[in-house]
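An overview of the molecular structure
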Amino acid sequence: METNSIAIDGPAGAGKSTLSRRVARRFGLIYVDTGALYRCVGLFALRNNVASRDEIGVARLLPDIRVEMKYDSEGIQRMLLCSEDVTEAIRLPEASVYASDVSAMPAVRDYLLSTQREMADKYDVIMDGRDIGTVILPSAGLKVFLTADPEIRARRRYLELLNRGIKTSFEDVFSEMISRDKNDSERAAAPLRVADDAIMLDTTALSFDDSFFALCELISGRFSL
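Residues numbered from 1 in each chain as written. Predicted model: local features only at pLDDT ≥ 70, side-chain atom pairs only at ≥ 80, totals over all residues. Heavy atoms only, no water.

Section: the overall build of the chain
Secondary structure assignment for the chain yields nine helices and eight strands. Taking 225 residues into account, the globule formula puts the C-alpha radius of gyration at 17 Å, and the chain, at 17 Å, falls close to it. Overall, the chain is about 50 × 40 × 35 Å in size when its C-alpha atoms are taken along their principal axes. Within the chain, buried positions represent 49% of all 225 residues. The long-range share in the chain, meaning contacts at least 24 apart out of those at least 6 apart in sequence, stands at 73%. Split by element, the accessible area of the chain, about 10,800 Å² in all, is 49% carbon and sulfur. Of note, the chain has its 29 positive side-chain charges centred 1 Å away from the centre of its 35 negative side-chain charges. (Helix = DSSP H or I, 4+ residues; strand = E, 2+ residues; numbered from the N terminus. Rg over C-alpha atoms; globule rule 2.2 N^0.38 Å. Buried < 20%, exposed > 50% of the residue type's maximum accessible area, 1.4 Å probe, protein only. Contact = heavy atoms within 4.5 Å. Areas by Shrake-Rupley, 256 points an atom, 1.4 Å probe, with all protein chains shown as cover. Lys, Arg positive; Asp, Glu negative; His and termini not counted. Charge placed at Lys NZ, Arg CZ, Asp CG, Glu CD.)

So, the pairing of strand S4 (residues 77-81)
Of all five residues that make up S4, four are buried, and the element is covered over most of its length. In this sheet, S4 lies alongside strand S3 (residues 67-71) in antiparallel orientation, the contact comprising five bridges. Its bridge partner lying in S4, Val 67 is registered against Leu 81. Alignment of S4 against strand S5 (residues 84-85), held across two bridges, turns out to be antiparallel. By the bridge assignment, Leu 81 is partnered in S5 with Glu 84. Two successive antiparallel strands, S4 and S5, enclose a turn made up of two residues, where Cys 82 displays a positive phi of approximately 50°. (Pairing = 2+ DSSP bridges.)

Concerning the sheet that holds S3
Read across the open sheet, the three strands follow the order S3-S4-S5; overall the sheet is antiparallel. Both outer strands of the open sheet, S3 and S5, are each paired with one neighbouring strand and no more. Strands S3, S4 and S5 of the sheet are contacted by helix H2 (residues 34-47), whose axis makes an angle of about 30° with S4. (Axes fitted to C-alpha atoms, helices over the stretch in contact; angles between N-to-C directions.)

Some remarks on the packing of aromatic side chains
Here the structure, examined in full by the defined rule, presents three aromatic pairs. Geometrically, the ring pair formed by Tyr 158 and Phe 170 is edge-to-face, given 6.2 Å between the ring centres and 80° between the ring planes. Of the two residues, Tyr 158 sits in helix H7 (residues 150-163) while Phe 170 sits in helix H8 (residues 170-186), which places them 12 residues apart along the sequence. Take Tyr 158: its relative accessible area is 16%, and that puts it in the buried class. (Phe/Tyr/Trp six-rings, centres within 6.5 Å; stacked < 30°, edge-to-face > 60°.)

Quick word on the sheet that holds strand S1 (residues 5-9)
Read from one edge to the other, the open sheet built from five strands follows the order S2-S6-S1-S7-S8, with strand pairing classed as parallel. Of all the strands in the sheet, the pair left with one neighbour each is strand S2 (30-33) and strand S8 (199-202). On average, adjacent strands in this sheet sit at an angle of 20° to one another, irrespective of strand direction. Note: S1 against strand S6 (residues 125-129), five bridges, orientation parallel. Note on S6: the bridge partner recorded for Ile 8 is Asp 128. Sitting on the sheet, H2 is in contact with S2 and S6, with an inclination near 40° to S2.

Considering the side chain of Lys 16
Along the polypeptide, Lys 16 turns up in helix H1 (residues 16-27). Engagement of the side chain of Lys 16 in a polar contact is seen with the backbone oxygen of Gly 10, the distance being 3.1 Å. Leaving out residues up to four positions away in the same chain, Lys 16 has contacts with Ile 8, Asp 9, Gly 10, Pro 11, Asp 128, Gly 129, Arg 130 and Leu 146. (Polar contact = N/O pair within 3.5 Å; in protein donor to acceptor, adjacent residues only side chain to side chain.)

Describing the pattern of salt bridges
Tallied over the entire structure, the rule returns 14 salt bridges. We note a salt bridge from Arg 22 to Asp 209, for which the minimum N-O separation is 2.8 Å. In this pair, Arg 22 is assigned in helix H1 and Asp 209 in helix H9 (residues 208-222), connecting sequence segments 187 residues apart. The partner of Asp 197 in a salt bridge is Lys 143, and the shortest N-O contact between them spans 3.1 Å. Of this pair, Asp 197 sits in the loop between H8 and S8 while Lys 143 sits in strand S7 (residues 142-147); the two residues are 54 residues apart in sequence, bridging distant segments of the chain. Each of the salt bridges in this network shares a partner with another, and the network as a whole consists of Arg 130, Arg 180 and Asp 184. (Salt bridge = Lys/Arg side-chain N within 4 Å of Asp/Glu carboxyl O.)

Here's what the structure looks like:
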């Protein structure tokens, strides 16, 4: 059975996950948050006292890591790490730093590649990350590069963390975002870049609803969903 796949790439805080979840509900797609997979690996390394940039140490942990994606009754993706629900834990600031560092490691990317592609082979998916359209799903039916001004992205992420009860400062979030942008764009393994056939969607001046409708319009124009 032929499946439909939508690749959403972009920097941290661009709204990829929030928009993709809502789009998935709108069109009846399976939402795959690939960043959550890397966050799980990062959290496992953090909990095992392995430095975030210790490639040899992280590679040694991979055989012991069991990452699963489950979907609750509302279709929300839940992340299980060795059978523990870590959906909230992987969003903590320290876990975000680890996720950025381990995602640059070829061994980690190879470890998770088949998991991501298998989802797209089985289901109609919307998948977001940093290299979906360039590496994971190069033949995706629609590729969108979602972006926004760094300060706007940091403000959105800061408010998201506050809503989750996570205490932090805007300055710390902004600093982490700039650092992550640099790491994601300059890493040797699958750096963040715009796929040649991707459509750019800048949400700097758009509300969430406006961004959602713009993305839906792109999808409706490409697929019969």
